[in-house]
Amino acid sequence: MATLTELLDPNQKHETESVKSTRKLRIGIIGTGGIAHAHMRSYLNCPDAEVVCGADIVPGKAQAFFEEFGLKDVHCYTSHKEMLAKEKLDAVSVCTYNRQHAPCVIDAMNAGIDVLVEKPFTVTIEEATEIIKTEKKTGRILSIGFQPRFDPNMRMIKKIVESGELGKIYYIQTGGGRRRGIPASLKKFSFIQDETAGIGALADIGCYSLDMVLNAIGYPKPLTVSGFTSSYFGTSPEGYPGVEGAEEIAKHFSVDDFAGAFIRLEGGIILDFRIAWAMNINTPGDTILLGTKGGLRIPSTDCWNGSVGGPMTIYHQVAGESVETVVPIIRENVNCFDRKIRTFLDAVHNRTSAPVPSSQIFYNQAIIDGIVKSGKLGKEVEIVLPEC
């Protein structure tokens, strides 16, 4: 177990990435909207991968997407099922809107193809259950798109917890969000409509915030949740300052723009959570982890971006005195999205475990699902985990 001095050593080495270029992996992309561009840029940085096809339900959209990258010989489809049936693929990236994650992932794995699916994992815990059943049945590799895990500062949080420096963790406060930042325009409604997104800020950025702390403490099983969601800003034109067509956009809003919850985890841990696309404050608070030997404060960011908002601080006792130890920001030239793609490709090449396994994100999804259900019922609910 690393000591605090070893953890804070600026010369410590961080893990490197591997490249397996003995054979080019054949990759398909399902859904060629916004986030697919980041996937494509990262695949282009990998000499051992070749994107050979793509599917999007909007006619002509896949072709236009690949032309943006100067790729003219890529096969394009309007049906992911047709693409999976006709193409010989090693892996796919699923970049559709939320409600299409489950069917596309299941279809791909049933076709014998490994999958990297964007966050959120699914909309409901029932969908996540069906995906994991298929993953186990087919033996395919399934990784979930949580690139903040590859940020060195995020990894430092996990190292600090695992070092034992904080003792037993018993309370966590986490969340974050934006003062104003609903992801919508007159040309983009998919994030804010129930029929496509299913969940709003809670799934879009809330899943990242949950993963930051749950991954650090080893993903304990969630037990109960008392949750709340609201949409005061998304349904009002005033929620879109400076955005053209705000009144029309507000008419289409049918998900949450804020969520909060009090969650009980196995091991006697309490998780106090809040997340927002829009709120009348600069931040709902820093992330804090309280332990029996020390506490850790992680500064919030102006807009939840998958890293930390500044140097972290450990509060602990030394020789009977209250001491604060500053954890410097690790400044590496790291592209977390590239690492997300790279580690997935390595798993596909080597037939090793998924870098972000579904077994962990299943608990993340269970909490999100529980918050939604609790909010609708107006009371605390038990988190029931289906067998998978």
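The shown structure was predicted, so the numbers you read here are calculated from the model rather than taken from an experiment.

**Some details on the layout of surface pockets**
Here is step 1 of the chain: The space that makes up the largest pocket amounts to roughly 1100 Å³.
Here is step 2 of the chain: If you trace the largest pocket, you find 46 residues lining it, with Gly-34, Ile-35, Cys-95, Thr-96 and Phe-191 closest to the centre.
Here is step 3 of the chain: Broken down by secondary-structure element, the contributors of at least two residues to the lining of the largest pocket are helix H2 (34-44), helix H5 (101-110) and helix H8 (201-204).
Here is step 4 of the chain: Of the residues belonging to the lining of the largest pocket, the class tally is 21 nonpolar, 16 polar and 9 charged.

**Topic: helix H11 (residues 336-350)**
Here is step 1 of the chain: The terminal C-alpha atoms of H11, which comprises 15 residues, lie 21 Å apart, in line with the 21 Å expected from a rise of 1.5 Å per residue.
Here is step 2 of the chain: Buried residues dominate H11, accounting for 12 of its 15 residues.
Here is step 3 of the chain: Along H11, the positions that sit buried rather than exposed are Cys-336, Phe-337, Arg-339, Lys-340, Ile-341, Arg-342, Phe-344, Leu-345, Asp-346, Ala-347, Val-348 and His-349.
Here is step 4 of the chain: Contact partners of the buried residues in H11: strand E1 (25-30), H2, strand E2 (49-55), strand E4 (91-94), strand E5 (114-118) and strand E6 (142-145).
Here is step 5 of the chain: Residue Asn-335 occupies the N-cap position of H11, its side-chain oxygen lying 3.0 Å from the main-chain nitrogen of Phe-337.
Here is step 6 of the chain: Downstream of H11 by one or two residues, Arg-351 has phi in the positive range, about 55°.

**Section: the pairing of strand E8 (residues 222-230)**
Here is step 1 of the chain: Where E8 lies against strand E9 (residues 258-265), 8 bridges are found, and the strand directions are antiparallel. Across the sheet, Thr-224 pairs through a bridge with Arg-264, a residue of E9.
Here is step 2 of the chain: Both E8 and strand E15 (residues 381-382) contribute to a ladder of 2 bridges, which runs antiparallel. Within the sheet, the bridge partner assigned to Val-225 lies in E15 and is Val-381.

**Quick word on empty space enclosed by the protein**
Here is step 1 of the chain: Evaluation of the coordinates by the stated rule reveals 1 cavity of 30 Å³ or more.
Here is step 2 of the chain: In this structure, the largest cavity spans a volume of roughly 100 Å³.
Here is step 3 of the chain: Here the lining of the largest cavity is composed, by residue class, of 5 nonpolar, 10 polar and 1 charged.

**Some thoughts on the nonpolar core**
Here is step 1 of the chain: Among the nonpolar cores identified, the biggest contains 93 residues, and Val-92 and Leu-289 are the most heavily contacted of them.
Here is step 2 of the chain: With 7 residues, helix H9 (residues 206-216) is the largest single contributor of residues to this core.
Here is step 3 of the chain: Those residues in contact with Val-92 that sit more than four places away from it in its chain are Gly-28, Ile-30, Met-83, Leu-84, Ala-108, Ile-113, Asp-114, Val-115, Leu-116 and Phe-344.
Here is step 4 of the chain: Within the second largest apolar cluster, 24 residues are counted, among which are Ala-38, Cys-95, Leu-116 and Ala-347.

**A closer look at the packing of aromatic side chains**
Here is step 1 of the chain: Evaluated as defined, the whole model comprises 6 aromatic pairs.
Here is step 2 of the chain: Relative to Phe-66, the ring of Phe-65 lies with its centre 5.0 Å away and its plane at 75°, an arrangement referred to as edge-to-face. Comparing Phe-65 with Phe-66 shows no difference in burial state: the two are buried.
Here is step 3 of the chain: The interplanar angle of 35° and the centroid separation of 6.4 Å between the aromatic rings of Phe-362 and Tyr-363 together place this pair among those described as tilted.
Here is step 4 of the chain: Clustering of aromatic rings is evident, with ring pairs tying together Phe-65, Phe-66 and Phe-69.
Here is step 5 of the chain: Sitting above the plane of the Phe-337 ring, Lys-340 keeps its charged end 3.8 Å from the centroid.

Rules used in this analysis
Residues numbered from 1 in each chain as written. Predicted model: local features only at pLDDT ≥ 70, side-chain atom pairs only at ≥ 80, totals over all residues. Heavy atoms only, no water. 1 Å grid on protein atoms, 1.4 Å probe; cavity = no way out; pocket = protein on both sides within 12 Å on 5 of 7 lines; lining within 4 Å. Points joined across faces, edges and corners; volume = space filled by probe spheres on them. Helix = DSSP H or I, 4+ residues; strand = E, 2+ residues; numbered from the N terminus. Nonpolar A, V, L, I, M, F, W, Y, C, P; charged D, E, K, R; others polar. Expected span 1.5 Å × (residues − 1). Buried < 20%, exposed > 50% of the residue type's maximum accessible area, 1.4 Å probe, protein only. Contact = heavy atoms within 4.5 Å. Polar contact = N/O pair within 3.5 Å; in protein donor to acceptor, adjacent residues only side chain to side chain. Pairing = 2+ DSSP bridges. Core = buried A, V, L, I, M, F, W, Y, C linked by side-chain atoms within 4.5 Å. Phe/Tyr/Trp six-rings, centres within 6.5 Å; stacked < 30°, edge-to-face > 60°. Lys NZ or Arg CZ within 6 Å of the ring centre and 35° of its normal.

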